[in-house]
Amino acid sequence: MLTGKKILIAISGSIAAYKIILLTRLLVKAGATVKIVMTPSATQFVSPLVLSTLSKNPVLKEFMTEDSWANHVQLGRWADLMVVAPLSCNTLAKMASGICDNLVLAVYLSATCKVLCAPAMDADMWHHPSTQENISRIRAYGNQVLDVEAGELASGLVGEGRMAEPEVILNAIIANLRSTELKNKSILITAGPTQEAIDPVRFIANHSTGKMGVALAEAFYLRGATVTLIAGPGSVLPKFSEITIQSVVSAQQMYEAALEAFPKADIAVLAAAVADYTPVMAAPQKIKKKEATFPLKLQKTKDILKKLGELKTGQLLIGFALETSNALSNARQKLIDKNADFIVLNSMEDTGAGFGYDTNQVTVLGKDGTTTESSLDSKAAIADFILDTVLH
């Protein structure tokens, strides 16, 4: 995910510095090369020895030691991204004013890469007008500042000022270093189930969790695209806040949302498990359990993939097919009938694939007659496999 990326973490004096231990581990596990610089006060909150062991690089704290000089200019040019975390109130004020009295500030002022900041301080300090003015100033300089979180603070108070959790910072780092392969491309994705109301408390649905659609949304986003995700009820949500989410409930709502978004899309991926039938009429009140049998009259829902196949004017259209028998022949027929460019086939006969799993196994059928099979892998890896297949 971050293989080959160079991350420079700058730690200032805050109790939240202990969270950088986990962040360092996550970054190294993701394949990044990590170097760390610290203010003198930061060393009182987290051990440089622990951080150097985890990062596999010396931790720098001073401009020079007895026999070497910490080249702050070189460090500022080495990194693909500089992460100031935690960003204390004191270091924030110095960054805003251009003060350079320690190695962290010298590296910051020399950095030619993007800078991501994760503030951490007590609630009253966070809300002070001077702090907010300093946040605005460093944002105006081009730095990205993560939102603080609310909760219990080191002072014992409860409020805003907690540093973002390591996983949140990791996702922000990944987002900052995403590819530009699909820059300026607009992607429409549908995901998850739909719910077709029988009465105010009951509905027809399926076991879809939306995991595959979300994995695709994240994969497209990480390649630089602008992504809109139309998500059915109960779907898992993507990690990246920049992905636009439109929540829907019924097949009709998903149909209307997809039709509205499709003209602006370059690529549409219909991964949702849309109900094929919906009740002709939903009861206005809860249906009481009285009769031994209960007839339920259903009607077909509108076919989103087929409609988009009729409307497409150059978009790449990708549908999904979940089959329990005659999988390949049914998927090929669907490819033709819906005027899609690709069909991604899921077979319920494949162990570890289908609804609810974190893994999947697919076959991608192209309108040119190609058939490309994946192995069983994580849904994130399968999303990349699908993108590689349909884009190249």
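This text follows the structure it describes.
The rules we used
Residues numbered from 1 in each chain as written. Predicted model: local features only at pLDDT ≥ 70, side-chain atom pairs only at ≥ 80, totals over all residues. Heavy atoms only, no water. Pairing = 2+ DSSP bridges. Helix = DSSP H or I, 4+ residues; strand = E, 2+ residues; numbered from the N terminus. Axes fitted to C-alpha atoms, helices over the stretch in contact; angles between N-to-C directions. Contact = heavy atoms within 4.5 Å. Core = buried A, V, L, I, M, F, W, Y, C linked by side-chain atoms within 4.5 Å. Buried < 20%, exposed > 50% of the residue type's maximum accessible area, 1.4 Å probe, protein only. Salt bridge = Lys/Arg side-chain N within 4 Å of Asp/Glu carboxyl O.

## Some points on the sheet that holds strand β14 (residues 267–270)
And then number 1: Strand order in this open sheet of eight strands is β13-β12-β9-β14-β17-β18-β20-β21, and the pairing throughout is mixed. Lying at the two open borders of the sheet, with one neighbouring strand each, are β13 (244–247) and β21 (371–373). Taking the axes of each pair of neighbouring strands and ignoring which way they run, one obtains an average angle of 15° across the sheet.
And then number 2: In this structure, strand β20 (residues 362–366) lies alongside β21, joined through three bridges in antiparallel fashion. Residue pairing for β21: T363 is matched across the bridge by E373.
And then number 3: Against the sheet, helix α11 (residues 304–311) touches β14, β17 (316–323) and β18 (342–347), its axis set at about 155° to β17.

## Digging into the environment of P48
And then number 1: Among the structural elements, P48 can be located in helix α2 (residues 48–55).
And then number 2: The spacing of P48 and V37 is eleven residues in sequence and 9.2 Å in space, taken between C-alpha atoms.
And then number 3: Beyond its immediate sequence surroundings of up to four residues, P48 is in contact with M38, T43, V59 and K61.

## A look at the nonpolar core
And then number 1: Counting residues in each nonpolar core, the largest one holds 67 residues, and the members touching the most others are L27, I169, I173, L216, F220 and I386.
And then number 2: A total of eight residues in this core trace back to one element, the largest contributor, which is helix α9 (residues 211–222).
And then number 3: Among all residues touching L27, those that are not within four sequence positions of it are L2, I7, I9, A32, V34, L170 and I173.

## Overview of the pattern of salt bridges
And then number 1: Applying the stated criterion across every chain, the model contains 13 salt bridges.
And then number 2: Between D101 and K94 there is a salt bridge; the shortest N-O distance is 2.8 Å.
And then number 3: In this structure, D303 and K338 form a salt bridge, with 2.3 Å as the shortest nitrogen-oxygen distance. Of the two residues, D303 is situated in the loop between β16 (298–300) and α11 and K338 in the loop between α12 (327–337) and β18; the sequence distance between them amounts to 35 residues.
And then number 4: The exposure class of K338 is buried, given its relative accessible area of 16%.
And then number 5: Taken together, the shared-partner salt bridges connect E181, R223, D384 and D388 into one network.

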